[in-house]
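Okay, here's what each chain looks like letter by letter:
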Protein chains: 2
Amino acid sequence: MKLLLLSNSSAPGRGYLDHAREVIAGHLAGVRELLFVPYALADHDGYTAKVAAFMDGLGVRVRGVHTAGDPRALVSGAQAVFIGGGNSFRLLKSLQERGLVTAIAQRVREDGVPYMGSSAGTNMACPTLRTTNDMPIVQPASFDALGLVPFQINPHYLDPDPASAHMGETREERLTQFLEENDVPVLGLREGTWLRRTGEALELGGVASGARLFTAGAEPVEYAPGADLSRLLTATARFDHRTA
Amino acid sequence: MKLLLLSNSSAPGRGYLDHAREVIAGHLAGVRELLFVPYALADHDGYTAKVAAFMDGLGVRVRGVHTAGDPRALVSGAQAVFIGGGNSFRLLKSLQERGLVTAIAQRVREDGVPYMGSSAGTNMACPTLRTTNDMPIVQPASFDALGLVPFQINPHYLDPDPASAHMGETREERLTQFLEENDVPVLGLREGTWLRRTGEALELGGVASGARLFTAGAEPVEYAPGADLSRLLTATARFDHRTA
């Protein structure tokens, strides 16, 4: 399996995906046409054009999955798949309604087609939607996602701000609540970082701030870019363990 | 119907619920025992004790709904109901599994029992969970909530921070995404504010920053404490209008 899972698509002062240009070029080496999944945003054509403009610089053509009557046929023939960010509930519901959850997962898992996700597209690679930061603006039939890794990822991971007067939960508090209900590791990917999976190897990349791993019953652990996280690929996920 | 819907339960430098002491006292006037619903947090006993300590100062006894074999029986006999904040997905799932969504809504709607909510408990008073800020740590059977008001509320409403380098969506962007999919007004209740419904009258209360109303196809509108929002009680909610 070949995965590139980005925390986010934009870095301050940089163009769309520009902060990850090099790793994207490596991930898509040899790919002439990329199948893009724009369902996380409302404007599918506009979103696809934005991705096409970036990919043009890498010599990769882009086709939007929404442009076909049968999107599953496009998935069957895809050389590589990219699911973009936006609202992950809208995204998952759209994938479910079109039969694309299984179709894309099979193509990546069984045929080795490279998968790339950013933000909500990275959430999709997890077993479930349960560690998204997004608002549940629509109701998917289920929270089950593609399951290309056996653990959960929290994109845009944000450290607590001691200066904030906001009384809502911090991200760490939210993930602690997740671990009260689920015995499943969660990797908080700070902005500017990504994960690369090649077969049974998993490596952290990107900016120095790296990632923070949350596990039930243990203190969180920090990882720096270059860290080998392959052992997460053998993690056992027990959802709803408190009520199970 | 008598509703008191608080944006949040704690203000900086104040004790639990202390910022709303006066309005809570008015809302619960004549109530000797309050039924508390602690399911949004994992520690039901600890949470109930915290509420009891505050209510003791108002001369109101507190019983946790989790202390009965049949929680619905407690709802039938309740003089007033308070649903506390925490994770709204966990809360809604717990209410659904115990048949409490309908039981509490009926008691409030038909018997005029005062309902109070804070944060996730305020989300529960809306038609659906769709404008919560919480992480979907567990999967409820449905996003449908108590529907004690016909519009959506976003508690802990937070204005965009121009100084932030965080590339995730702002709250306003999230609510704009909600309005792309649903033609339903959303009231963003800033921290320290609340809504009071008495019959067909709805009034905003609390701190000067007030609330911000988001409606599909219109610019957001600001409201200050004391504003009469009764017309929101006749709002028509059209969920999933884009795909309907």
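All of these numbers come straight from a predicted model, not from anything done at the bench.

**Q** Pulling in residues and values, what's your account of the packing of aromatic side chains?
**A** Scanning all chains against the criterion turns up 11 aromatic pairs over all chains. Consider the rings of B:F36 and B:Y47, whose centres lie 5.0 Å apart with planes at 85 degrees: the pair is edge-to-face. Of this pair, B:F36 sits in strand 2 (residues 33–37) while B:Y47 sits in helix 2 (residues 44–56), and the two are 11 residues apart along the sequence. According to the relative accessible area criterion, B:F36 is buried, its value standing at 0%. A connected cluster of aromatic rings, assembled from ring pairs, spans A:F89, A:F143, B:F89 and B:F143. When the ring centre of A:Y39 is taken as reference, the NZ or CZ atom of A:R98 above it lies at 4.3 Å.

**Q** I'd like a rundown of the environment of B:L4, residues and numbers included.
**A** Residue and element names in this part refer to chain B. Locating L4 in the fold gives a position in strand 1 (residues 2–6). Judged by relative accessible area, L4 falls into the buried class, the value being 0%. On a C-alpha basis, the gap between L4 and L195 in space is 5.8 Å, while along the polypeptide they are 191 residues apart. Those residues in contact with L4 that lie beyond four places of it in its chain are V23, I24, H27, Y115, M116, G117, W194, L195 and R196.

**Q** Any details on the pairing of strand 10 (residues 211–214) of chain A? Residues and values, ideally.
**A** All names here are of chain A. A two-sided burial pattern is seen for strand 10, the buried positions comprising A211 and L213 on one face and R212 and F214 on the other. As judged from the three bridges shared by strand 10 and strand 11 (residues 221–223), these two strands associate in the antiparallel manner. In the strand pairing of strand 11, A211 is matched with Y223. Hairpin connection from strand 10 to strand 11: six residues lie between these consecutive antiparallel strands, with G217 at a positive phi of about 75 degrees.

Thresholds, definitions, all that
- Residues numbered from 1 in each chain as written.
- Chains lettered and ligands numbered in written order.
- Predicted model: local features only at pLDDT ≥ 70, side-chain atom pairs only at ≥ 80, totals over all residues.
- Heavy atoms only, no water.
- Phe/Tyr/Trp six-rings, centres within 6.5 Å; stacked < 30°, edge-to-face > 60°.
- Helix = DSSP H or I, 4+ residues; strand = E, 2+ residues; numbered from the N terminus.
- Buried < 20%, exposed > 50% of the residue type's maximum accessible area, 1.4 Å probe, protein only.
- Lys NZ or Arg CZ within 6 Å of the ring centre and 35° of its normal.
- Contact = heavy atoms within 4.5 Å.
- Pairing = 2+ DSSP bridges.

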